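Below, each chain spelled out in residue letters.
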Amino acid sequence: MKIIGVTGGTGAGKSVLCDELKKCGATVIDCDYISRQVTKSRGAAFREIVEAFGEGILAADGELDRKALAAIVFNNEQKLELLNEITHKHIFAEMQKQLDGCTSYVVVMDVPLLFKPDFPFKCDLTVAVLADPELRLKRIMNRDDISKDAALERMKNQMSDAEYKELADICFENDGNPESIREFAENLCKN
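Residues numbered from 1 in each chain as written. Predicted model: local features only at pLDDT ≥ 70, side-chain atom pairs only at ≥ 80, totals over all residues. Heavy atoms only, no water.

Participant: Describe the packing of aromatic side chains, naming the residues involved and giving the relevant values.
Facilitator: Here the structure, examined in full by the defined rule, presents four aromatic pairs. Judged by centre distance (4.4 Å) and plane angle (20°), the ring pair of Phe 172 and Phe 184 falls under stacked. On the criterion of sequence distance, the pair formed by Phe 172 in strand β5 (residues 170–173) and Phe 184 in helix α9 (residues 178–190) is long-range, its members being twelve residues apart. The two residues Phe 172 and Phe 184 agree in class, both being buried. In this structure an aromatic cluster arises from ring pairing among Phe 92, Phe 119 and Phe 121. (Phe/Tyr/Trp six-rings, centres within 6.5 Å; stacked < 30°, edge-to-face > 60°. Helix = DSSP H or I, 4+ residues; strand = E, 2+ residues; numbered from the N terminus. Buried < 20%, exposed > 50% of the residue type's maximum accessible area, 1.4 Å probe, protein only.)

Participant: Mind laying out the packing of helix α6 (residues 133–144) against helix α7 (residues 148–156), listing which residues take part and the relevant values?
Facilitator: Contact geometry for α6 and α7: axes closest at 9 Å, N-to-C directions at 120°. Seen along the crossing, α6 lies across α7 with a hand that is right-handed. For the pair α6 and α7, contact is made by Pro 133, Arg 136, Leu 137, Ile 140, Met 141 and Asp 144 and by Lys 148, Ala 151, Leu 152, Arg 154 and Met 155, respectively. Within the contact of α6 with α7, the residues separate by chemical class into seven nonpolar, no polar and four charged. (Axes fitted to C-alpha atoms, helices over the stretch in contact; angles between N-to-C directions. Left-handed = near helix turned anticlockwise from the far one by under 90°. Contact = heavy atoms within 4.5 Å. Nonpolar A, V, L, I, M, F, W, Y, C, P; charged D, E, K, R; others polar.)

Participant: Tell me what's going on with the sheet that holds strand β4 (residues 125–130), and back it up with residues and numbers.
Facilitator: Spatially, β2-β3-β1-β4-β5 is the arrangement adopted by the five strands of the open sheet, whose pairing is parallel. Two strands bound the open sheet, and with one partner strand each, they are β2 (27–30) and β5. In this sheet, adjacent strand axes meet at a mean angle of 25° when their direction is disregarded. Pairing of strand β1 (residues 2–7) with strand β3 (residues 106–110), which is carried by five bridges, proceeds in the parallel orientation. Within the sheet, the bridge partner assigned to Ile 4 lies in β3 and is Val 108. Where α9 meets the sheet, it contacts β1, β3, β4 and β5, and its direction lies at approximately 160° from that of β5. (Pairing = 2+ DSSP bridges.)

Participant: Pulling in residues and values, what's your account of the environment of Asp 144?
Facilitator: As for its placement among the helices and strands, Asp 144 is situated in helix α6. Distance from Asp 144 to Lys 67, taken between C-alpha atoms, is 9.4 Å for residues 77 residues apart in sequence. Discounting chain neighbours no more than four positions away, the residues touching Asp 144 are Lys 67 and Arg 154. Within the structure, Asp 144 has its side chain in polar contact with the side chain of Arg 143 (distance 2.9 Å). In this structure the side chain of Asp 144 is engaged in a polar contact, spanning 2.7 Å, whose partner is the side chain of Arg 154. (Polar contact = N/O pair within 3.5 Å; in protein donor to acceptor, adjacent residues only side chain to side chain.)

Participant: For the nonpolar core, give the residues involved together with the corresponding values.
Facilitator: A general tendency of soluble globular proteins is for nonpolar side chains to be buried together. Membership of the largest hydrophobic core comes to 28 residues, with the highest contact counts inside it found for Ile 49, Phe 53, Leu 69, Met 95, Met 109 and Phe 119. Contributions of two or more residues to this core are made by α2 (31–38), α3 (46–53), α4 (66–73), α5 (77–100) and β3. By residue number, the principal contributor to this core is α5, which donates six residues. Leave out the neighbours within four places in its chain, and Ile 49 touches Thr 39, Gly 54, Ile 57, Leu 64, Leu 69, Leu 83, Ile 86 and Thr 87. (Core = buried A, V, L, I, M, F, W, Y, C linked by side-chain atoms within 4.5 Å.)

Rendered as structure tokens:
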């Protein structure tokens, strides 16, 4: 089994690359998806989050108001660390469960925080997806329906391209060209 860790800043296009890797036969373990599952009202981390941040982060339907929670944590490093401390153990447990059930030769872990010290999985190859900051900004605003200031705040709290370039085995500049994304994904799955 070959494990490829894919990371990059918000709006860089990790998901687009991972979709192409799936088409090449890789199994993708998506940390953002897992995070959303463990933080749903029936998820493993939900109660702990509400206890830590209060009922004010709940929407009318009883689920997390993700925008309200994001407004709290993206402006406060200590609260972001607390949220990560709560959620990571549940996310990592689900990742391990999915990894244990994998039969594909290539397994891709789509992980925004791949280079954090507490990441418990060893990757055979790490890939950082990078994109022009203006392009990322537009993608984030459109995807999340947020203001430019809110998108910039999210970008500010993430690693720089220079840090990704230093830590990743390979960097992929995602300008949105479908052909170059497909070609890059095919090469990753072959080698």
